[in-house]
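Spelled out from the first residue to the last, the chains are:
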Amino acid sequence: MSKRNYYFDNAKFILIFLVVFGHFIRSYIGDNPFIFSLYATIYLFHMPGFILMSGFFAKGFHKKGYIKKIAQKILLPFFIFQIVYSIFYFFLYEDQPFEIHLLIPHWSLWFLLSLFFWNLLLVACVKWMKLKAPALLISTFVLGMAIGFIPDYLDVLSFARTFVFFPFFLIGYYLRKEHFYLLSNKAARIGLFIGAASLFYAAYTHPQIDQRWLLGSFSFAELGVSNIEGMLIRLFIYLLSFLMIAAFFSFVPKKKFFFTDWGKNTLYVYLLHGFIIKTFRDSEVQDSAESVILLLTVSLLLTMLLSTTFVTAIAQPLIESKWSKLKQLFAHFKNQNHLQKSYKERINNQ
């Protein structure tokens, strides 16, 4: 594996860990300024960073059958987990009727639906319409800011988030690996670290900031601002997000670590961790777990657990509609049993 793969796999694992951690600490942001500042800082870049990398790896969109491949890879697990989460919520929240809404994504599943549309928009804009980068980038930022004008139904088909976060996907598509590596020089790291620390301090001293701005799913009317104010605030958030993304990637290690290979399994962690988070939020354990160190540790352990070969092998039929990892796992256990049996036979014959 090349350094490039180490770098991006490291980035993906760290980002998915931050996603899990951010979801764990969500319950405490109203009472603890420090946790709120952590939450706000993380939410400025963890999903935008993922989206930017998704665009970076979408450079093969011109290949024949790309849309069909993406649809199978993304839409199938989306529909499967929409149904699975509907069943899960029915048992978790006993007072709610059983309903399946295929057009309104459950919780974190918005990312899958938007990811499909981002790829579709990329093909339409770059391949079919042949729009040039400057005009296309400006248009996506304007649309991302103006989508807040629409007052209702922004959650249908993840409509708002698709346009709010599309600029990150598109910029990721235009980036090259050299652009990421430019961030790792000493001067850039110092400047970006100071910028990130300043944002953290600003969030700590202003816990009254409405965190809904970071989610990209609310209209300006719902956020209580005029359309002009909303566009300016959205533009400001874009700038802060790109600052935090740059700061994050400037410190991503390029060497291989114990967690590097797990960076390939981020989709599994993303789709599966929600069951744990939702159960945690609905339990009494939540009331006694307001320790940042404890939540950080639990988040890391959960991310590692959901990245393991055993878990991904069990979940692969649901997520990828394949059985290859499960077959490999069975073959491994079969081989281990065979070796143990052979060893015992040798011992008995001595």
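See the structure above.
Rules used throughout
Residues numbered from 1 in each chain as written. Predicted model: local features only at pLDDT ≥ 70, side-chain atom pairs only at ≥ 80, totals over all residues. Heavy atoms only, no water. Helix = DSSP H or I, 4+ residues; strand = E, 2+ residues; numbered from the N terminus. Rg over C-alpha atoms; globule rule 2.2 N^0.38 Å. Buried < 20%, exposed > 50% of the residue type's maximum accessible area, 1.4 Å probe, protein only. 1 Å grid on protein atoms, 1.4 Å probe; cavity = no way out; pocket = protein on both sides within 12 Å on 5 of 7 lines; lining within 4 Å. Points joined across faces, edges and corners; volume = space filled by probe spheres on them. Nonpolar A, V, L, I, M, F, W, Y, C, P; charged D, E, K, R; others polar. Patch = residues over 30% accessible without salt bridge, like charges linked within 9 Å, V, L, I, M, F, W, Y side chains within 5 Å. Areas by Shrake-Rupley, 256 points an atom, 1.4 Å probe, with all protein chains shown as cover. Salt bridge = Lys/Arg side-chain N within 4 Å of Asp/Glu carboxyl O.

Peer 1: In this structure, what is going on with the overall build of the chain? I would like to understand it.
Peer 2: In terms of helices and strands, the chain carries 14 helices and 0 strands. Element order for the chain, N to C, with α for helix and β for strand: α-α-α-α-α-α-α-α-α-α-α-α-α-α. Here the C-alpha radius of gyration of the chain, 22 Å, is about what a compact globule of 350 residues would show, namely 20 Å. Expressed as lengths along the three principal axes of its C-alpha atoms, the size of the chain is roughly 85 × 50 × 45 Å. Here the chain, with 350 residues, has 46% of them falling under the buried criterion.

Peer 1: Any chance you could explain the layout of surface pockets here in plain terms?
Peer 2: In this approach a probe as big as a water molecule rolls over the atoms, and the regions it shows empty are the leftover space. In this structure, the largest pocket occupies an estimated 1300 Å³ of space. Around the largest pocket, the lining is made up of 39 residues, and of these Lys12, Phe57, Lys73, Leu115 and Leu267 lie nearest the centre. Of all elements in the fold, only helix H1 (3-25), helix H3 (46-56), helix H4 (66-92), helix H5 (110-128) and helix H11 (266-281) reach the threshold of two or more residues within the lining of the largest pocket. Counting residues per element, the lining of the largest pocket draws most heavily on H4, which supplies 8 residues. For the lining of the largest pocket, the residue count by class is 18 nonpolar, 10 polar and 11 charged. The space that makes up the second largest pocket amounts to roughly 540 Å³. Lining the second largest pocket are 27 residues, and of these Trp107, Trp110, Arg161, Leu215 and Ser217 sit closest to its centre. Going through the elements one at a time, H1, helix H2 (33-43), H3, helix H7 (159-174) and H11 are the ones with two or more residues in the lining of the second largest pocket.

Peer 1: Would you mind showing me how to read empty space enclosed by the protein here?
Peer 2: For the structure shown, the criterion picks out 1 cavity of 30 Å³ or more. Estimated volume of the largest cavity: approximately 70 Å³. In this structure, the largest cavity is lined by Tyr43, Pro48, Val164, Phe165, Phe168, Trp213, Leu214, Gly216, Arg234, Ile237, Tyr238 and Ser241. Mapped onto the lining of the largest cavity, the elements with two or more residues apiece are H7 and helix H10 (227-251). The element best represented in the lining of the largest cavity is H10, accounting for 4 residues. Residues that form the lining of the largest cavity fall into these classes: 9 nonpolar, 2 polar and 1 charged.

Peer 1: Would you mind going over a nonpolar patch on the surface with me for this structure?
Peer 2: The grouping of Phe79, Ile83, Ile87, Phe90, Phe91, Phe98, Ile100 and Leu102 at the surface amounts to a nonpolar patch, some 710 Å² of accessible area in total. As for its placement among the helices and strands, Ile87 is situated in helix H4.

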